[in-house]
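Residue-level listing of the chains:
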Amino acid sequence: MNMWLLAVSVPLLPAIIMLSTRCRHRVSSLYHKALAWARKMVGGKVCVRRTHAFVFTQCTHGKVDSVLETFDLYAAKNPSLAIDQDMGKILDEAVMRLHPSSVLELGMHCGYSSVRMLRLLPPTGKLITVEMDPLTADLGEEIILVSGFKHHQFQVLTSSSANIIRTLHLFLDQNCRKGLDLVLMDHDPQQYLPDLLALQKEELLCSSGCSILFINRTRGSDEDLREVLAHVTLNPKYLSIGKHLPFILEVLYKKDD
Ligand SMILES: *[C@@H]1O[C@H](CO)[C@@H](O)[C@H](O)[C@H]1NC(C)=O
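Residues numbered from 1 in each chain as written. Predicted model: local features only at pLDDT ≥ 70, side-chain atom pairs only at ≥ 80, totals over all residues. Heavy atoms only, no water.

The name an unreviewed UniProt entry gives the protein is catechol O-methyltransferase, with Cynoglossus semilaevis as the organism. In its Sequence similarities (unreviewed entry) section, UniProt records this for the protein: "Belongs to the class I-like SAM-binding methyltransferase superfamily. Cation-dependent O-methyltransferase family." (UniProt positions renumbered as here; feature names shortened; annotations may be inferred.)

This is the structure we're talking about:
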């Protein structure tokens, strides 16, 4: 319902722009951002439902490799932003290099990257994945279970990333006391910087080292990522740019010497 309201109200924005002469540029850029986000959300929901139906019926239940192969098979015929094997392989390499045990994912979508990461975590590892849309979250959780993972290995939280970050310490169990050692941000890019700031403020990032991976889907303006880069440049004491990767901006956080 909300999404339809958004989809209907977004086309009205040009009228607002017409009324504004002073800040026309700013409003216009906001309009384009809102439009891109609305498209992704409305399109994303349909994608999630169809993808889920395909994967659920075609894969071998309990076999994580079969789940991922079925995702890739689906994406080969139905190109999707949420399922990208090339990006998935780069994510795999990052996870294998970083050996994280407590991972936060913001933006679960179809559960594709959640499953990819879960299969690379140690037995005591835990993934917390956040998805704003309740239906998407339910379908994604089902895919994780179908892949053979158990509830002690992951938790799906349904709310905005900002809300979750405020209460996340309640969900980090004992082996995560030291904080998160990997964060994957794949939600609204406009939330990338605010959420990074909130994670720092709430002291949720492991002080001896945490990698934050920002998915870069921009094919043009990467303003939101440039804001993150500017923040890193301004805080060289504890933030730095990690390994140069295609599709992903890696930021390293370290507060202890
Ligand atoms: C994001 O990706 C685009 C397109 O590949 C690239 O031009 C841009 O430099 C990337 N941005 C960052 C911050 O890595």
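The rest of the description comes next.
*Asks:* So what exactly am I meant to see when it comes to the pattern of salt bridges here?
*Replies:* Where side chains of opposite charge bring their charged atoms close, a pairing between them can arise. Tallying each qualifying case throughout the model produces six salt bridges. With its nearest N and O atoms 2.7 Å apart, the salt bridge here joins Asp 186 to Arg 217. Separated by 31 residues along the polypeptide, Asp 186 in the loop between strand E4 (182-185) and helix H9 (192-201) and Arg 217 in the loop between strand E5 (210-215) and helix H10 (223-234) bring together distant segments of the chain. Exposure remark for Asp 186: the relative accessible area of 5% places this residue in the buried category. (Salt bridge = Lys/Arg side-chain N within 4 Å of Asp/Glu carboxyl O. Helix = DSSP H or I, 4+ residues; strand = E, 2+ residues; numbered from the N terminus. Buried < 20%, exposed > 50% of the residue type's maximum accessible area, 1.4 Å probe, protein only.)

*Asks:* Sorry if this is basic, but what is going on with the sheet that holds strand E6 (residues 239-241) here?
*Replies:* Paired through their backbone hydrogen bonds, the strands of a sheet run either parallel or antiparallel. Read from one edge to the other, the open sheet built from seven strands follows the order E3-E2-E1-E4-E5-E7-E6, with strand pairing classed as mixed. Of all strands in the sheet, those bounded by a partner on one side alone are strand E3 (154-157) and E6. Across the sheet, the mean angle separating the axes of adjacent strands is 15 degrees when strand polarity is ignored. Pairing analysis gives six bridges linking E5 to strand E7 (residues 248-253), with the strands arranged antiparallel. Looking at E7, one finds that Ile 212 is bridged to Val 251. Relative to E4, H9 is tilted by about 160 degrees, and along the sheet it contacts strand E1 (102-106), E4, E5, E6 and E7. (Pairing = 2+ DSSP bridges. Axes fitted to C-alpha atoms, helices over the stretch in contact; angles between N-to-C directions. Contact = heavy atoms within 4.5 Å.)

*Asks:* Whenever I open this one, unusual backbone geometry confuses me. Can you help?
*Replies:* For residues other than glycine, phi is negative in most cases, and the peptide bonds are mostly trans. Backbone geometry at His 109 places phi at a positive 50 degrees, although glycine is not the residue there. For His 109, the position within the fold is in the loop between E1 and helix H6 (112-118). In this structure, Glu 203 takes a positive phi of about 55 degrees despite not being glycine. Take Glu 203: it is sitting in the loop between H9 and E5. For Glu 203, a relative accessible area of 68% gives the class exposed.

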